[in-house]
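Notes for the structure review
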Amino acid sequence: AALDNLLEVNNIEVIYNHVILVLKGVSLNVPKGGITALLGGNGAGKTTTLKAISGLLASERGEVTKGSIKYRAEPIQHADPADTVKRGVVQVMEGRHCFEHLTIEENLLTGAYTRKDGNAAVQRDLEMVYEYFPRLRERRRSQAGYTSGGEQQMCAIGRALMSRPEMILLDEPSMGLAPQLVEQIFEIVKSVNEQEGVTFLLAEQNTNVALRFAHYGYILESGRVVMDGPAKDLRENQDVKEFYLGMS
Ligand code: ATP
């Protein structure tokens, strides 16, 4: 186990409702400071993998029945979401999940609720989020439910940043967004990664954009990793071109 792997997922099986086997032995490593992409089509098991890591599986009657998940070399396969957040891992769910009745700024502040470093630090980080997402500053007094899909996606990422995470699990950030906006969001993810040192594991069906921004990729099919490699190699791989890059 290399020391620079923040996260090590080793041969995990996930079963829903005691019977439905969805992950059939998934292994992956996430190096500290990198952007790692989890790719694959609808139902391949990307979201399930992220939820296994964050601990959100339990609320969906899912369970890791085999293998291990280690964060900083400590087993977390049975940790609950509050515990993983304390360790510095936060998941941004697919479909965004902002609180519709709160303003953008109130949503961002909810991301800081577990912090104990005081109001000044929280205000500084709010400013940091607004620097990355100028659009959120403009919309800070708007009720989230009345903002656009792109703004809500930004709000969800911003809220995750407000907890000062070490790693963000980002589920399908491109979903439902126009290509130009997808590009913009990935650019921001890249600068947060480079400037704040936040590690990303992101699930994407949009192979094309994910492989341009990620450093390393894993391709899932029916609950198994069928290919992995540096993003640059995957982009040039004939099978990837044929089966995945054509799609997006
Ligand atoms: P998507 O992009 O559609 O979210 P995905 O690669 O993230 O796809 P998952 O959401 O992890 O895939 O789903 C993998 C499989 O697990 C699918 O066959 C799905 O039907 C099944 N599944 C997901 N959640 C549950 C659940 N709560 N109970 C039972 N089966 C589930």
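Above: the structure in question.
What comes next is a walk through the structure. (Residues numbered from 1 in each chain as written. Predicted model: local features only at pLDDT ≥ 70, side-chain atom pairs only at ≥ 80, totals over all residues. Heavy atoms only, no water.)

Another point: the sheet that holds strand 6 (residues 89-92). The six strands lie next to each other as 6-7-8-3-9-10, forming an open sheet whose pairing is mixed. With one partner strand each, in any of the chains shown, strand 6 and strand 10 (224-230) form the two edges of the open sheet. For this sheet, the mean angle separating the axes of adjacent strands, direction not counted, is 15°. Sheet strands in contact with helix 1 (residues 46-54) are strand 3 (35-39), strand 6, strand 7 (167-171), strand 8 (199-204) and strand 9 (216-221), and its direction is about 150° off that of strand 7. In this fold helix 10 (residues 238-245) packs onto strand 9 and strand 10, with an angle of close to 60° to the strand it touches most, strand 9. (Pairing = 2+ DSSP bridges. Helix = DSSP H or I, 4+ residues; strand = E, 2+ residues; numbered from the N terminus. Axes fitted to C-alpha atoms, helices over the stretch in contact; angles between N-to-C directions. Contact = heavy atoms within 4.5 Å.)

As a further point, take the packing of aromatic side chains. Counted by the stated rule, this structure contains two aromatic pairs. Ring geometry for F186 and F213: centres 5.4 Å apart, planes at 35°, overall tilted. In this pair, F186 is assigned in helix 7 (residues 179-196) and F213 in helix 8 (residues 207-213), connecting sequence segments 27 residues apart. Judged by its relative accessible area of 3%, F186 falls in the buried class. A ring pair is formed by Y216 and Y218, whose centres lie 5.3 Å apart and whose planes are at 50°; its orientation type is tilted. The exposure class of Y216 is partly exposed, given its relative accessible area of 27%. Classification of Y218 by relative accessible area gives buried; the value is 7%. (Phe/Tyr/Trp six-rings, centres within 6.5 Å; stacked < 30°, edge-to-face > 60°. Buried < 20%, exposed > 50% of the residue type's maximum accessible area, 1.4 Å probe, protein only.)

Take helix 7 next. Spacing of three or four residues puts side chains on the same side of an α-helix, whose turn is 3.6 residues. Look at helix 7: 25 Å from first C-alpha to last across 18 residues, which is about the 26 Å you get at 1.5 Å a residue. Listed in full, the buried residues belonging to helix 7 are V182, I185, F186, I188, V189, S191, V192 and N193. In this structure, the buried side of helix 7 is in contact with strand 3, helix 4 (118-132), helix 6 (149-161), strand 7, strand 8 and helix 8. A positive phi of about 75° marks G197, the residue just after helix 7. (Expected span 1.5 Å × (residues − 1).)

To continue, consider the pairing of strand 9. Bridge count for strand 3 against strand 9 is four bridges, and the pairing is parallel. Note on strand 9: the bridge partner recorded for L38 is Y218. Taken together, the six bridges between strand 9 and strand 10 define a ladder with antiparallel strand orientation. Bridge pairing links E221 to R224 in strand 10. Between strand 9 and the antiparallel strand that follows it, strand 10, lie two residues; S222 among them carries a positive phi value of about 45°.

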